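Residue-level listing of the chains:
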Amino acid sequence: LNSQPMGFYAPAQIVRDAQEHGVEVREIDVNHSHYDNTLERREDGALALRIGFRQIDGMREADAHALVARRGQGFTSVADMRERGCIPTPMLRRLADADAFRSLGLDRRAALWEVKALSKSKALPLFAFADTREQGDEAHVALPDMPLSEHVVNDYQTLKLSLKAHPVSFLRHELARRKVTPNDDLHLALDRRVPDPVEERPPLQRVVQLTRAVRREDHHRHQPGLFVRTQLAQYFDPVKLRQLPVK
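Residues numbered from 1 in each chain as written. Predicted model: local features only at pLDDT ≥ 70, side-chain atom pairs only at ≥ 80, totals over all residues. Heavy atoms only, no water.

A. Region of interest: the overall build of the protein. Across its full length, the protein carries eleven helices and five strands. Buried positions account for 34% of the 247 residues belonging to the protein. If you sum the accessible surface of the protein, you get close to 15900 Å²; carbon and sulfur atoms cover 55% of it. (Helix = DSSP H or I, 4+ residues; strand = E, 2+ residues; numbered from the N terminus. Buried < 20%, exposed > 50% of the residue type's maximum accessible area, 1.4 Å probe, protein only. Areas by Shrake-Rupley, 256 points an atom, 1.4 Å probe, with all protein chains shown as cover.)

In structure tokens, the structure reads:
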């Protein structure tokens, strides 16, 4: 993850593979994450993977290191991050977009609301380290909950991965209606096919010319495979896939 971009595997696939092998993966958080993805010791002595700030699109390494250096025992609010941590508003917005304020009791929408309120006022250097607030308390606003599917879309837009759910899980009803086989059941169909004898396989160079590697992934598992190039137009149409209704 800390060496991205690299090769065939995207961050979401690396993280998911780790989860499938029993590794606990923890969300990005302003009070716990570092710039790099790091390992944290669990209570049972095992290690967990903490997602780092480097996964946030547009996050500069120097800004992330400055945030970590200034948080001390932890930030207590979005306002505290700007006043004590001297975190600029654009960086707070990126962190809110990444849903990184959960340790402060704020989900993505609530954090964005607070950052928006802060952006309306300028910082007061004279009171940067005092208890005086830059603006009075605002009336509490009950924001509507953000749907899980919207959270996942925003996760992929900002982090290129999501620990909340797999995108295909929101399409499963429509995919089932279209009789698309889940990956958990795909091996049953493959087992019924006659295996290709080794002696009848074409030369490797010919295979490379005629086939395209495809990773078929859903909320159950990923299934690597090969498609003949002429089959791609029939079985793999990203444009049509983007038009599926999300539930």
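B. Quick look at the nonpolar core. Formed by 34 residues in total, the largest nonpolar core has its most connected members in F53, I56, L67, M81, L92, L95 and F101. Here L92 is in contact with V78, M81, R82, I87, F101, V115 and L118, once residues within four sequence places are set aside. (Core = buried A, V, L, I, M, F, W, Y, C linked by side-chain atoms within 4.5 Å. Contact = heavy atoms within 4.5 Å.)

C. Representation of the environment of D107 within the structure. Within the secondary structure layout, D107 lies in the loop between α4 (89–97) and α5 (108–118). Looking at D107, the relative accessible area reads 22%, which means it is partly exposed. Note: C-alpha distance between D107 and D145 (38 residues apart in sequence) is 9.1 Å. Leave out the neighbours within four places in its chain, and D107 touches D99, R102 and H151. Polar contacts involving the side chain of D107 include one to the main-chain amide nitrogen of A110, which spans 2.9 Å. (Polar contact = N/O pair within 3.5 Å; in protein donor to acceptor, adjacent residues only side chain to side chain.)

D. Representation of the pattern of salt bridges within the structure. Enumeration according to the criterion identifies 18 salt bridges in this entry. E24 serves as the salt-bridge partner of R26, at 3.0 Å between the closest nitrogen and oxygen. D63 is the partner of R60 in a salt bridge, and the nearest nitrogen-oxygen pair spans 3.0 Å. You can call R60 exposed: its relative accessible area is 54%. What makes D63 partly exposed here is its relative accessible area of 23%. (Salt bridge = Lys/Arg side-chain N within 4 Å of Asp/Glu carboxyl O.)

E. Broad picture of α5. Inspection of α5 places R108, A110, A111, V115, A117 and L118 among the buried residues, and these make up the whole buried set. Each element contacted by the buried residues of α5 is listed here: α3 (78–83), α4 and α6 (148–159).

F. How the structure looks around the sheet that holds strand β3 (residues 47–50). Taken together, three strands build an open sheet; the order of strands is β1-β3-β2 and the sheet is mixed. On the outer flanks of this sheet lie β1 (24–26) and β2 (38–41), each paired with one strand and no other. Averaged over all adjacent pairs, the angle separating strand axes in this sheet is 40°, with direction ignored. Bridge analysis of β2 against β3 gives four bridges, and the strand direction is antiparallel. Note on β3: the bridge partner recorded for R41 is L47. (Pairing = 2+ DSSP bridges. Axes fitted to C-alpha atoms, helices over the stretch in contact; angles between N-to-C directions.)

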